[in-house]
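# Per-entry structural report
Here is what each chain is made of, one letter per residue.
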Amino acid sequence: MRGILAWLCAGLALAPAGAAGGTFVDAALGSVDARVVTASEIALARALGLFGFAPSAAPIGAGDVERMLDAVLVLQEAEQLDIGGKPDEAEAAWRAAGERLGGQPALERWLVEVGVEPAWARALVANDGRWRRFIELRFKDFAFVTPDMVSAVLGPGPHDAAALERARARLRAEDAERQLAAWLREARERMTVRRLIPDDARIATPFPMP
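Presented here is a report on the structure given in the accompanying data block. Since this is a predicted model, take the numbers as computed values, not measurements. (Residues numbered from 1 in each chain as written. Predicted model: local features only at pLDDT ≥ 70, side-chain atom pairs only at ≥ 80, totals over all residues. Heavy atoms only, no water.)

## Considering the overall build of the protein chain
In terms of helices and strands, the protein chain carries 8 helices and 3 strands. Listing every helix and strand of the protein chain by position from the N terminus yields α-β-β-α-α-α-α-α-α-α-β. Counting every position in the protein chain, which comprises 210 residues, the buried fraction comes to 41%. A separation threshold of at least 6 residues defines the contact pool for the protein chain, and within that pool the share at least 24 residues apart is 70%. Entry remark: accessible area of the protein chain is about 11100 Å², with carbon and sulfur atoms responsible for 56%. (Helix = DSSP H or I, 4+ residues; strand = E, 2+ residues; numbered from the N terminus. Buried < 20%, exposed > 50% of the residue type's maximum accessible area, 1.4 Å probe, protein only. Contact = heavy atoms within 4.5 Å. Areas by Shrake-Rupley, 256 points an atom, 1.4 Å probe, with all protein chains shown as cover.)

## Thoughts on helix α8 (residues 161–190)
Across its 30 residues, α8 extends 43 Å between first and last C-alpha, which sits within 8% of the 44 Å expected from 1.5 Å per residue. Ala-163, Ala-167, Leu-171, Asp-175, Ala-176, Leu-180, Trp-183, Leu-184 and Ala-187 are the residues of α8 that are buried. Packing partners of the buried residues in α8 comprise α3 (62–80), α6 (118–138) and α7 (147–154). Near the N-terminus of α8, the side chain that reaches the backbone nitrogen of Ala-162, with its oxygen 3.3 Å away, is that of Asp-160. (Expected span 1.5 Å × (residues − 1). Polar contact = N/O pair within 3.5 Å; in protein donor to acceptor, adjacent residues only side chain to side chain.)

## Re the environment of Arg-122
If you trace the backbone, Arg-122 turns up in helix α6. Using a relative accessible area of 36% as the deciding quantity, one classes Arg-122 as partly exposed. Sequence separation of Arg-122 and Glu-91 is 31 residues, and the distance between their C-alpha atoms is 8.6 Å. Sequence-distant contacts of Arg-122, that is, excluding residues within four places in its chain, are made with Glu-91 and Trp-94.

Below, the structure written as structure tokens:
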């Protein structure tokens, strides 16, 4: 327990550089090797819909921490393989994040309101783009879907091209998710991954959602 409390307290010094001083208390909630995952990082990821998070103002729980730890595992692998992270990809990801919040001005206003440094937000958004690119190249592009599998999903009878494509896309996504889950299990065995809050813990979101 003393070790967990030490990590949580360490998070006080890990708020983004531009965060408004004293407006919220951050906390370290997990780590992958030396890479720490903080409450503010998870809150920003949820607010902007990054790494598969759905926007939410609910308290941060163990599931949120696990998702972010998985994202870090993917990012570390993507960086080692030099997948994603190109300037044009980062800029496209930033524009997409703005669109999800109703436009770039809305995103920039919200960052000012909550005291989050835009450069830090941009870096996290760029990492989301790299995360998506890795999953696309490593898993989605190799998803295995046969015509028989599509037919089994749709059932007997004729189906138009749009229905066939939707079924194919769904099956590819499901296969990619299975491949990713298996890869994450293997990655966790070779990396030091720690979640620093109990299963039933809840951490208040450090800043208001947009």
